[in-house]
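# Coordinates in review
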Amino acid sequence: MASISFRDVTKIYDGADKPVVPNLNLEIADKEFIILVGPSGCGKSTTLRMIAGLESISSGELYIGDRLVNNVPPKDRDIAMVFQNYALYPHMSVYKNIAFGLTLRNVPKDEIDRRVHEAAKILDLEHLLERKPKALSGGQRQRVALGRAMVRNPAVFLLDEPLSNLDAKLRTSMRSEIARLHRRLDTTFVYVTHDQTEAMTMGDRIVVMKDGIIQQYDTPKVLYDTPVNLFVAGFIGSPQMNFLDVTIAAENGKLYAVLGQDKLEIPAFKHEALKPYVGKSVIMGVRPEDFLPFDQATADNSLSAKVDFFELLGAETNLYVFIDEKKVIIKMPSSMERPTAEEIKVPVEMQRAHFFDKDTELAICH
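Predicted model only: the values in this text are computed from it and were never measured.

## A look at the overall build of the chain
What the chain contains, in helices and strands, is nine helices and 20 strands. Based on the C-alpha atoms only, the size of the chain along its principal axes is roughly 80 × 45 × 35 Å. Looking at the chain residue by residue over its 366 residues, the buried ones come to 50%. Across the chain, every contact between residues at least 6 apart in sequence was considered, and the portion connecting residues at least 24 apart equals 65%. Carbon and sulfur atoms form 49% of the exposed surface of the chain, whose accessible area is close to 17500 Å².

Given below as structure tokens:
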């Protein structure tokens, strides 16, 4: 069993003013694929390194399975780690790189050979076993690093931004390879990235971190549809959610989000949460894909916008406009006719609009 449990874990470096990870509580179930995501410096890699035993814990308890591992050395934790820079030995062949950890543990040669060839077959490295790392592409080197971890049959796989050095095409293919590897090995994966696309496409659950604190921990769909605060809403999604300052107004039993001369009718199921904000300013979030076709504009669902420029992305086009002097991105099919006027009406799918408290930045309703 390879569940992982952080219980009031704090990490503070010597001489630092404050902890890089303060009072972390996190439960990772056996065989889950968990993503730690957040901006640079948020504590995600430190959290991973504490699991590995490469960083000591200042206070609190860390369990792998039912074993307290605070003072257990890395080699005795039954974990394998894949690093951002691959960490391959340049003078060794692919075969010897993959076998290295087993050789150190005095595993019998025939068992080493069996495991290496089994991993090489899974990772499509059989034809490269005699090559040195310098003769490999970035994607092949990353697969060798994965193979070296695989042959140890660890209870926990730790991956620290393993795709950040690859080009966009390779990152896409390696994402699917790692997800497939998780299904095949059926063990616990903890994966660190700052790339929210990786997080959304690979993880069973995602831990969104900021300043060492967990902001939200849930499935990709829940994070996308119901972010708990402004930070998660802006971090998850590409392009990111648009944010506009609106005033909540009540009129004839209806609620409206008012921006300048425009007003957007708010669906009834959001009324209860928004009633305390009538007459107050809140933040309305609209994802780029949650705008309606331009021909569906009405007086109660549209905002006045000034067209800036178009960004063609193949099947989709991003339309950049200014609404109330804020730049807003609208995602539309490339087959849709582009507006030709400089000033247009942009219809909003208000069923999908998000509202956030300006002071606390917490979600009011979705």
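## Quick word on the packing of aromatic side chains
Inspection of the entire model under this criterion finds seven aromatic pairs. Ring geometry for F33 against Y191: centres 6.0 Å apart, planes inclined by 40°, an arrangement best described as tilted. A residue pair is termed long-range when its members are at least 10 positions apart, and F33 in strand 3 (residues 33–37) and Y191 in strand 8 (residues 188–193) qualify at 158 residues. For the pair F243 and F356, a centre-to-centre distance of 6.1 Å together with 80° between the ring planes defines the contact as edge-to-face. Note that F243 is positioned in strand 11 (residues 242–251) and F356 in strand 19 (residues 354–356), a separation of 113 residues in sequence. The exposure class assigned to F356 is buried, which follows from its relative accessible area of 0%. Taken together, the aromatic side chains of F33, F157, F189 and Y191 make up a single cluster linked through ring pairs. Here the guanidinium or amino end of R7 rests over the ring plane of Y63, the centre of that ring lying 4.1 Å away. One cation-aromatic arrangement involves R287 over Y224; the distance from NZ or CZ to the ring centre is 3.9 Å.

## Brief notes about the side chain of N242
Position of N242 relative to the elements: it lies in strand 11. Polar side-chain contacts of N242 include one of 2.9 Å to the backbone nitrogen of I329.

## Considering the environment of R105
Within the secondary structure, R105 is located in the loop between helix 2 (94–104) and helix 3 (109–122). The exposure class of R105 is partly exposed, given its relative accessible area of 40%. A sequence separation of 177 residues divides R105 from V282, and the C-alpha atoms of the two residues are 60 Å apart. Apart from residues lying up to four places away in sequence, R105 is in contact with K75 and R152.

## Concerning the pairing of strand 12 (residues 254–259)
Bridge count for strand 11 against strand 12 is five bridges, and the pairing is antiparallel. The residue of strand 12 that forms the bridge with T247 is V258. Adjacent in sequence and paired antiparallel, strand 11 and strand 12 are bridged by two residues, among which N252 carries a positive phi angle near 55°. By the bridge criterion, four bridges tie strand 12 to strand 13 (residues 262–265) in an arrangement that is antiparallel. Bridge pairing links Y256 to E265 in strand 13. What sits between strand 12 and strand 13 in their antiparallel hairpin is a turn of two residues, with G260 showing a positive phi close to 65°.

## What to know about the pattern of salt bridges
Charged atoms that come close allow side chains of opposite charge to pair. Enumeration according to the criterion identifies 19 salt bridges in this entry. With a closest N to O distance of 3.6 Å, D290 and R352 form a salt bridge. You can see D290 sitting in the loop between strand 14 (281–286) and strand 15 (302–313) and its partner R352 sitting in the loop between strand 18 (343–347) and strand 19, a full 62 residues away along the chain. Residue class for D290 comes out buried when judged on its relative accessible area of 8%. What makes R352 partly exposed here is its relative accessible area of 36%. With a closest N to O distance of 3.3 Å, D308 and K327 form a salt bridge. Here the residue D308 occupies a position in strand 15, and K327 occupies one in strand 17 (residues 326–333), the gap between them amounting to 19 residues. On the accessibility criterion, D308 (34% relative accessible area) is partly exposed. Relative accessible area serves as the criterion here: at 45%, K327 is assigned to the partly exposed category. Three or more residues are tied together by salt bridges with common partners; here these are E111, R114, R115 and E118.

## Some thoughts on the packing of helix 4 (residues 138–150) against helix 5 (residues 168–185)
In contact at an axis separation of 11 Å, helix 4 and helix 5 are set at 15° when each is read in the N-to-C sense. Judged by the angle between their axes, helix 4 and helix 5 are roughly parallel. The two elements helix 4 and helix 5 meet at a crossing, and its hand is right-handed. Contacts between helix 4 and helix 5 involve G139, Q142, R143, L146 and M150 from the former and L170, M174, E177, I178, L181 and L185 from the latter. Along the lines of polarity and charge, the residues of the contact of helix 4 with helix 5 split into seven nonpolar, two polar and two charged.

## A look at the sheet that holds strand 16 (residues 316–323)
Across the sheet, four strands lie side by side as 17-16-15-18; this open sheet has antiparallel pairing. The open sheet is flanked by strand 17 and strand 18, the only strands paired with a single partner. On average, each strand axis in the sheet is tilted by 50° relative to the strand beside it, whichever way the strands run. Here strand 15 pairs with strand 18 via five bridges, running antiparallel. In the strand pairing of strand 18, S304 is matched with K345.

What counts and what doesn't
- Residues numbered from 1 in each chain as written.
- Predicted model: local features only at pLDDT ≥ 70, side-chain atom pairs only at ≥ 80, totals over all residues.
- Heavy atoms only, no water.
- Helix = DSSP H or I, 4+ residues; strand = E, 2+ residues; numbered from the N terminus.
- Buried < 20%, exposed > 50% of the residue type's maximum accessible area, 1.4 Å probe, protein only.
- Contact = heavy atoms within 4.5 Å.
- Areas by Shrake-Rupley, 256 points an atom, 1.4 Å probe, with all protein chains shown as cover.
- Phe/Tyr/Trp six-rings, centres within 6.5 Å; stacked < 30°, edge-to-face > 60°.
- Lys NZ or Arg CZ within 6 Å of the ring centre and 35° of its normal.
- Polar contact = N/O pair within 3.5 Å; in protein donor to acceptor, adjacent residues only side chain to side chain.
- Pairing = 2+ DSSP bridges.
- Salt bridge = Lys/Arg side-chain N within 4 Å of Asp/Glu carboxyl O.
- Axes fitted to C-alpha atoms, helices over the stretch in contact; angles between N-to-C directions.
- Parallel < 35°, antiparallel > 145°, perpendicular 65-115°, else oblique.
- Left-handed = near helix turned anticlockwise from the far one by under 90°.
- Nonpolar A, V, L, I, M, F, W, Y, C, P; charged D, E, K, R; others polar.

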